[in-house]
Structure formats: C-alpha cells, structure tokens
Protein chains: 2
Amino acid sequence: MKSKTPNTRTPECEVDSMFIDRWSPRAFLPEPLPDYQVKILFEAARWAPSCFNEQPWLFVYATEPDKREKFLSALVPKNQRWAARCPLLIFVMARKNFEQGGRANRHAPFDTGAAWMSLALQARKLGLYAHAMAGFSQDKAYEILGVSRDDYHIMAAIAVGRKDESADDLPEDILAMEAPNTRKSWSEVATDRFPINEH
Amino acid sequence: MKSKTPNTRTPECEVDSMFIDRWSPRAFLPEPLPDYQVKILFEAARWAPSCFNEQPWLFVYATEPDKREKFLSALVPKNQRWAARCPLLIFVMARKNFEQGGRANRHAPFDTGAAWMSLALQARKLGLYAHAMAGFSQDKAYEILGVSRDDYHIMAAIAVGRKDESADDLPEDILAMEAPNTRKSWSEVATDRFPINEH
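What you see is a predicted model, and the numbers here were worked out from it, not measured in a lab.

### A look at the interface of chain A and chain B
How large an interface is tends to be reported as the accessible area lost when its parts come together. Facing the 65 residues of chain A at the interface are 65 residues of chain B. Breaking the side of chain A that touches chain B down by element, the ones donating at least two residues are α1 (17-21), α2 (35-46), β1 (57-62), α5 (108-125), α6 (138-145), β4 (152-161), α8 (186-189) and β5 (190-191) of chain A. With 13 residues, α5 of chain A is the single largest residue contributor to the side of chain A that touches chain B. Counted by class, the side of chain A that touches chain B contains 39 nonpolar, 13 polar and 13 charged residues. As defined by bridge partners, β5 of chain A adjoins strand β1 (residues 57-62) of chain B across 2 bridges and the pair is classed as parallel. Bridge assignment links A190 of chain A to a residue of β1 of chain B, and that residue is F59 of chain B.

### Examining the nonpolar core
Within the largest apolar cluster, 129 residues are counted, with the highest numbers of intra-cluster contacts made by F59, L89 and I90 of chain A together with F59 and I90 of chain B. Among residues more than four places away in sequence, those in contact with I90 of chain A are F59, V60, Y61, A157, I158 and V160 of chain A.

### With respect to the sheet that holds strand β3 (residues 129-133) of chain A
With mixed pairing, the 5 strands of this open sheet are ordered in space as β3(A)-β4(A)-β2(A)-β1(A)-β5(B). The sheet is open, and its two edges are formed by β3 of chain A together with β5 (190-191) of chain B, each paired on a single side. Here 6 bridges tie β1 of chain A to strand β2 (residues 88-95) of chain A, and the two strands are oriented antiparallel to one another. Along β2 of chain A, the bridge assignment pairs A62 of chain A with L89 of chain A. Across the sheet, α2 of chain A lies against β1, β2 and β4 of chain A together with β5 of chain B, angled at about 165 degrees from β1 of chain A, the strand it touches most.

### Side note on the sheet that holds strand β2 (residues 88-95) of chain B
One open sheet holds the 5 strands; their spatial order is β5(A)-β1(B)-β2(B)-β4(B)-β3(B), and the pairing between them is mixed. Either end of the sheet is taken by a strand with one partner, and the two such strands are β5 of chain A together with β3 (129-133) of chain B. Each of β1, β2 and β4 (152-161) of chain B is contacted by helix α6 (residues 138-145) of chain B, which is oriented at about 85 degrees to β4 of chain B, the strand it contacts most.

### A closer look at the environment of A114 of chain A
Structurally, A114 of chain A is set in helix α5. A114 of chain A sits in the buried class, given 28 other C-beta atoms within 10 Å. As a C-alpha pair, A114 of chain A and W57 of chain A span 57 residues in sequence and 9.7 Å in three-dimensional space. Filtering out sequence-adjacent residues up to four positions away, A114 of chain A remains in contact with A48 and P49 of chain A together with G113, A114, W116 and M117 of chain B.

Thresholds, definitions, all that
Sequence order sets the numbering: in each chain, residues are counted from 1 along the sequence as written. Key to labels: chains lettered from A, ligands numbered from 1, both in the order written. Where local features are concerned, this predicted model is filtered to residues with pLDDT of at least 70; where side-chain atom pairs are given and counted, the filter is 80 or more; whole-chain, interface and lining totals use all residues. We call two residues in contact whenever the C-beta atoms placed from their backbones are within 7 Å. By the criteria applied, helices consist of DSSP H or I runs no shorter than four residues and strands consist of E runs no shorter than two, each listed in order from the N terminus. Gly is put with the polar residues, along with every residue not named as nonpolar or charged; the nonpolar set is Ala, Val, Leu, Ile, Met, Phe, Trp, Tyr, Cys and Pro, and the charged set is Asp, Glu, Lys and Arg. Whether two strands pair depends on DSSP finding at least two bridges between them. Here, a nonpolar core denotes buried Ala, Val, Leu, Ile, Met, Phe, Trp, Tyr and Cys residues that are linked to one another through C-beta atoms within 7 Å. Residues are called buried when their C-beta atom has 20 or more other C-beta atoms within 10 Å, exposed when it has 12 or fewer, and partly exposed otherwise; all C-beta atoms are positioned from the backbone. Between the N-to-C directions of two axes lies an angle of 0 to 180 degrees, each axis being a line fitted to C-alpha atoms and, for a helix, fitted only over the stretch in contact.

Written out as structure tokens, the structure reads:
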C-alpha cells in the first residue's frame, strides 16, 4: 500500500538510513505485538551506555487491554486519541540516585535518553515505530506506576506499534500532523568554534 | 589482527547486533578522522527525536591538536591518559530553556541522551568507537566552551576514534578495564507489573 505519509527528509550527508527512517507517527495498527518483539525492544535499551554502568533506566510497559487503559488515562487527551490504538504503551523512568552510595545521579536522564533511542531504533529494525510523548500528567503517572518522586524521574511515555500506512482512522486534525518533521541545519547543532560566546 | 579485547557479551534475545557491538574502549589509534566521518557523526545525532522538536543539543568538537589540548585539560587525569590519543573530542550540551518562550525544558537532558546514542551507533557504522565520559571538571568545561550555566547543561565529554586492537600503548591499569562491560538482566529493567511498590 502506498503510504499517505512518505518520508521526505533530506540528510546533509551519507548518514545511516536508520536515523532518517525513524520518526514518530500517530497512525498505528491495533494488532498485538508478538512477545518476542516486546522482549527485543527492551533488550536493545538494556545495552545502552551509562555513567558508572549504573543503568538508571526502568521501563514499565502495558500490553494487556486493562493495563493499557490505565496508562492511557495518564496521557493528555490529544495523545489518548491516537495512542489508544497502540498495542504497547511504556513509561520510561530514570532513577534519581546511584544504587551504590545513594548520591544524586545527575546523568540519569541523559543515560535514559540513550536507552530510549536504542529502543526507538530497534523498533524500526522490527518494522515498528516508537513515539515518545511528554504530554502526560506526571501526578497521574506517578500514581499509576506506584513509584515515588524521591526515587524516579518519569521521563516519557512511549507508544509502539506497526504503522497504519492508510492512516484512515486518524481524526483530521491529527492526520494533519502525520509526517516526518525536519531538523535544524547541521551547522546549528555542531561546531568546532569555541569559546561559543565569542562568535 | 586478533583483538586483545574480544566482545563476550551475551544478549538475552535476538536483538540487532549493533547494540551489543557498541562499547566504550580506551585504546584508540591517533590517526585523524576524515572530515566526512566527523560530519556524519553529528548528522546522525541531528535526527534524534525531542520534545516539541526542540533539538536542545549542541555538540562542540575539537579535531585540531591545540583545540583538543584545551578539551583534554578539562578531563580528569585518568581520562586524559587515554583520551589524549583520540582524534576527535566532543562536549555535548543541552539547552536548559525552550528557544520559543524561554521556559525551562526539563526534557533537554533526556533528548540530548538520545542524540548522543545516535552518534555512538553511527560511529560503529563507520568502524569507529565513541566513549562518553562524566569524568571532567564542569567549571573548566564551562570556561573553555564559553557558555553560561544559565543557558546549558554540559552533559558529557566524548572521545571518538578507531580502536587500537593491539592496545599496546595502554598503561597497565587502564588495560585492565579494557573490555565490554555487562548489564543487569532484562527483567531488572523492564516489567509489566505495576504499581511497582506493591511488588
């Protein structure tokens, strides 16, 4: 089937296609994912690097309808409308303190971001897409997950599934957003000119 | 040449090999990287996802000897000893506030971690390794980079290069650490049992 949402991103150089190919759609097919695919997604995340190999991430996921319903209830309504179809919903958390010694781990959100990226790239290798969301109620998520603000940052909600190439079931306002977004230019995010403030 | 530091990691399931294959060595070859490789590394990072597509990351890099010398001076001595050979040194920063509106972006470190992971995986696709470090002086790094603590978190220093399979030039105490590290088990980092505190 011809996709209604072709990827028109243009890289500035010969980067691996997986980075261009990954984006965050909202049109998903409701079919359940096989268990082995769910397993592989977190396996990819597990091998991410972290400060002192602390592995500060924790992924809590929902595949069963009643559990997904609970996760959905924490999302903002706009995200609920499309994420309700996704067969796999996830909250990813970062432990605030080092397990050894208990002092604050200021690298935990950064390291957990690396684990999330691994999951997102592995999703594409399985023919899936992963869409991370900041649009959820922190209060509600802490309550549903049953963790303390003293122990964890809740970094993001993530919806995973197969993309619905027809996008037929998307409401019109959401369909209008259904395309890979673009990026700042290379030279805006990388430079060898420093000190920065002198330029 | 047979590597002195073979990768003996064992995945728990059929994850893409790139995640197992990526690790953080300290034995690097001093040869400069071609410009196109430097360009591709940040190109990969550039396409990472971020909250509101903010792209809060900024990569400042050094390839010229005098610039690398400056970057090195911010690292802790233990990292200086091996990173001095790397042809590419980087500091990755996360912008603290949204460009539009200026309010605090609490997702910036997480999103910047995703960009870092893209760079690390792209490095392997080029036959390179990227090693991120928390071991540096924040004060010194802010001074060298010429940015304000009000504007940026400095998340990590990163050394990139080709791996020296012989590891002949590594001091013995550093050579003792030169192997891919392992991870917690899958079930320690992913669960569908919640609320967490009830288990």
